Every structure is written in C-alpha cells, then in structure tokens.
Amino acid sequence: MKPLEGIRVVDLTTYLAAPTTVRVLGEWGAECIKIEPPKGDPARTQGAVFNMPYSDEENLAFDVANLNKKFVTLDLKTETGREVAYRLLERADVFVTSTRTKSLKKMGLDYDTLKEKFPRLVFAQILGYGEKGPEKDSAGFDVTCYMARGGVFGTTVNRGDAPMIPTNGFGDFQASMVLASGVCAALYNRARTGCGDKVTVSLLHAATFMLSTGIISAQYGNPYPKNRREVINPFNNVYRTGDDKWIVICCPEYDRDFNRLMTLLGRADLVDSPEYSNCAEVNARGEIGKVVDILDECFARLTQKEALALFKQNDLPCEAAHEPLDIYEDEQVWANDFLTKIHYPNAERNLATNPVCFASMGKPEYIVGGRQGEHTVSVMRELGYSAEEIDRAIREGAVEDAKPLKRL
C-alpha cells in the first residue's frame, strides 16, 4: 500500500513549485485533481520557455509538475464553478494552491473561508514572499524570490563574475518538497486531532533556509560571495581540467592531505613545504591564491577523466561537475532510479524522480497528464452531478470538457 493511498488532493496551481508538490503526493498514492481556469494553466505552453517542444501528444515541460493528476476546468468566477469546487473540497483531504491570497478571497477559496466550511481540510499554499510584510501580495517566481531575493545568486557566484544562469525552477523544485513534508505532517496531526491546518511555504523563506550555512556564518565575518582563489581551503574547490571541463574536490583536512595530493599531482617537490603545507599559516599570509594557482597548473595537465580516476583510485573525494547530458550517462543514477523513462507516442524521455523513497512502496507510477478538462465530466459524475446538470454547466461556461492544447 502506498503511504498516501486514500488521500484526495485538490490542486489549484500554476507553473512549478505548488503543482510539483501535488505530483509528489500523487506518486505517494494520493488521488490528485487539478482545477484549471478556462484559459488553462499557462504552464501548458512553457515548453517554449524551456526550449522544449509541446503538444497534446508530448508536453514534458508541463508533465514534470503534473504527472498523476486528473484535470477539470472550472470558471471559479461563476456560482456553478465555485459550487463544483466546494463539492470537490468537501470530499478532499488537502487543498494545494499557488494562487495569491487576495485572489483566493475573491473566489471564496481562502483559508479562513475554507476552514469554516471544511474544518478537516489541510490548506497548503506556496507563496512568493510570505504571509506578512509589504511584499505579501506581490507576484513571485523562483528566479526573483528564491534565487535573487533569497540570496542564492549573490552567494553562490564566483565573486567578480555574473550570477549563474540556473535551470528554470531550480528553487521551485526545492520548495515543492518542503511543502510536501509540511502537508504530510499536517495530515498526521489531523489523524490525532481531527482538525486540518494551514501550511505555507514561501520561496524567499525556502531559499534563506537552504543557505543556512552562509546565513549564520556571515554574521561572524565569513563573507559571501567568495572567489575560488580566496577560499579558506584550496582542497575544497573547483578546478578546470585540460579538456576544458570542471571537477570539484573536497578534501577538508588540508594539512593531513597536503603531501599526498602534491605527490599525486606531480609536485613532489612541495612535500613538507614550509611555505604551503599548513593551511592556517597560508591563510594568515593571504597566500591561498598561490596554492590555487599551483593546483590550477596541475589539473590543467590532466583531462577530467584522468583527474577523476586519480582521485577515485586513492579514495579522495572528487567529482566531475556534470551537465545534464552527463547525468543521462551516469550508471549510479540509473542503478538507483534517480532518473526514469517517460513514454510518449514517439519517444522515451528522461525525467528526474522525486528523491524520497519508501521501502514498502517500490517504484512510483508516472502517469502522463491529459488534456485540459479531460476529466471534468467524469469527476462531476463522481460528485453526484446528473448528465443534465453537467450539460447545463458546460453550456453556461461554468465548466469545460476536454479541449486540445492549440485552443488555449
């Protein structure tokens, strides 16, 4: 039995963070029903932004956050559309949304309203900047709230360079797992108390938490951003190899490992060097950059493959700075199902799996999403609507049946 089997989740989300939370809950066994407005979730056409194709037959840019869901189309500005939503929520355990609070209030779907109507419901919301403060109602995306305002861009850049260009949704996917954990805790507490709860995760808050080491150490004078020629320990650093690729080494015990690394890298002349073998003294003299320069010269004589083999054979932590295409070829990744294959009519595509594994569950299912509104009629039937009521709602425009992507 899957951990969340028997749980029903209603999804009113767009883009990546909140819908990915629901995707994960679905992989853990929950029944997930996504509500879209008549114009559809704009994420259905995000393939263009991700430099990916999208169509009714294959739309991985959308499916990455929307696997394992049923799709209904409701106009929540209409009385009938809201009534269908309320009937869904009456039978639901969890409501997940990324809609801003002021908009939820207009639709009667805010926490205070739903708490009165459905006291056992767990209300879960992704926010940009949090529930309070001057920016509480501001629009937010991971690149602005998480990467920029949350400090990731400013902290992780090699000082003096431009901020990194991350993959789309880098912060969204992290926030999604944070919200999923909160939902599960709220469900556990409801089993004890009988009462639902409000669970919120903001992108800004998630970013500051993920940067905890930088956040706490900066107040003690540990400055960010750093420069790779000014790190405290040159054996915890990144280096470019002779074939123009990057490796990362992590040998935190500098003094212990100095002679060993110098020997392996062809600089036996520096063994027991009074100038460079003591990390504290090198830092005190401000000469860390000289050690980095020495290592740069050493790694420039090796290919990435040669450097990795040298370190692995000597049980020294070192890894290639992989790019996505490299990850596709990583035996360790496939051996542990960190990637899976998604089957489309014309091709198989690679998808990263969520990182939480249950021994009792086995591999999750990955059900590719359907067209917008594909399940509107069947879900309304399950909710007790008659054929006449469904037809009338469709004619009024309060709900919509399935429609192809090209009509969005």
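Here the structure is a predicted model, which is why all the values come from computation and not from measurement.

1. Considering the sheet that holds strand β2 (residues 31-36)
Working step 1: Across the sheet, which stays open at both edges, the seven strands sit in the order β6-β5-β4-β1-β2-β3-β12 with mixed pairing between neighbours. Only two strands of the sheet have a single neighbouring strand rather than two, namely β6 (198-202) and β12 (399-400).

2. Regarding a positive patch on the surface
Working step 1: Together, Lys39, Lys77, Arg100, Lys102 and Lys106 line one region of the surface with positive charge.
Working step 2: Within the secondary structure layout, Lys102 lies in helix α4 (residues 101-107).
Working step 3: For Lys102, a relative accessible area of 41% corresponds to the partly exposed category.

3. What to know about helix α9 (residues 203-210)
Working step 1: Buried within α9 we find Leu203, Leu204, Ala206 and Ala207. Axial view of α9: buried residues confined to an arc of 165°, hence all on one face. What points out from α9, more than 90 degrees from its buried face, is the exposed set His205 and Phe209.
Working step 2: Buried-residue contacts for α9 involve β5 (122-127), α6 (142-149), α7 (152-156), α8 (170-193) and β6.

4. Remarks on the packing of aromatic side chains
Working step 1: Using the criterion set out here, one finds eleven aromatic pairs in the structure.
Working step 2: Considering the side-chain rings of Tyr15 and Phe141, the 5.4 Å spacing of their centres and the 75° angle between planes classify their relative orientation as edge-to-face. Separated by 126 residues along the polypeptide, Tyr15 in the loop between β1 (8-12) and α1 (17-27) and Phe141 in the loop between β5 and α6 bring together distant segments of the chain.
Working step 3: Between Phe235 and Phe258 the ring centres are 6.4 Å apart and the planes differ by 20°, which places this aromatic pair in the stacked class.

5. Focus: the packing of α6 against α9
Working step 1: Viewed as axis vectors pointing N to C, α6 and α9 meet at an angle of 30°, and their least axial separation amounts to 8 Å. By the angle between their directions, the pair α6 and α9 is classed as roughly parallel. Read as a crossing pair, α6 and α9 show a hand that is right-handed. Note on element contacts: α9 touches α6 through Leu203, Leu204, Ala206, Ala207 and Met210, opposite Asp142, Cys145, Tyr146 and Arg149.
Working step 2: Considered class by class, the residues forming the contact of α6 with α9 number seven nonpolar, no polar and two charged.

6. Some thoughts on the side chain of Asp93
Working step 1: Locating Asp93 in the fold gives a position in the loop between α3 (79-90) and β4 (94-97).
Working step 2: Judged by its relative accessible area of 13%, Asp93 is buried.
Working step 3: There is a polar contact of 2.8 Å between the side chain of Asp93 and the backbone nitrogen of Arg8.
Working step 4: If we ignore the near neighbours within four places in the chain, the residues touching Asp93 are Gly6, Ile7, Arg8, Arg120, Leu121, Val122, Leu187 and Arg190.

The rules behind the values
Residues numbered from 1 in each chain as written. Predicted model: local features only at pLDDT ≥ 70, side-chain atom pairs only at ≥ 80, totals over all residues. Heavy atoms only, no water. Pairing = 2+ DSSP bridges. Helix = DSSP H or I, 4+ residues; strand = E, 2+ residues; numbered from the N terminus. Patch = residues over 30% accessible without salt bridge, like charges linked within 9 Å, V, L, I, M, F, W, Y side chains within 5 Å. Areas by Shrake-Rupley, 256 points an atom, 1.4 Å probe, with all protein chains shown as cover. Salt bridge = Lys/Arg side-chain N within 4 Å of Asp/Glu carboxyl O. Lys, Arg positive; Asp, Glu negative; His and termini not counted. Charge placed at Lys NZ, Arg CZ, Asp CG, Glu CD. Buried < 20%, exposed > 50% of the residue type's maximum accessible area, 1.4 Å probe, protein only. Arc of directions from axis to C-beta. Contact = heavy atoms within 4.5 Å. Phe/Tyr/Trp six-rings, centres within 6.5 Å; stacked < 30°, edge-to-face > 60°. Axes fitted to C-alpha atoms, helices over the stretch in contact; angles between N-to-C directions. Parallel < 35°, antiparallel > 145°, perpendicular 65-115°, else oblique. Left-handed = near helix turned anticlockwise from the far one by under 90°. Nonpolar A, V, L, I, M, F, W, Y, C, P; charged D, E, K, R; others polar. Polar contact = N/O pair within 3.5 Å; in protein donor to acceptor, adjacent residues only side chain to side chain.

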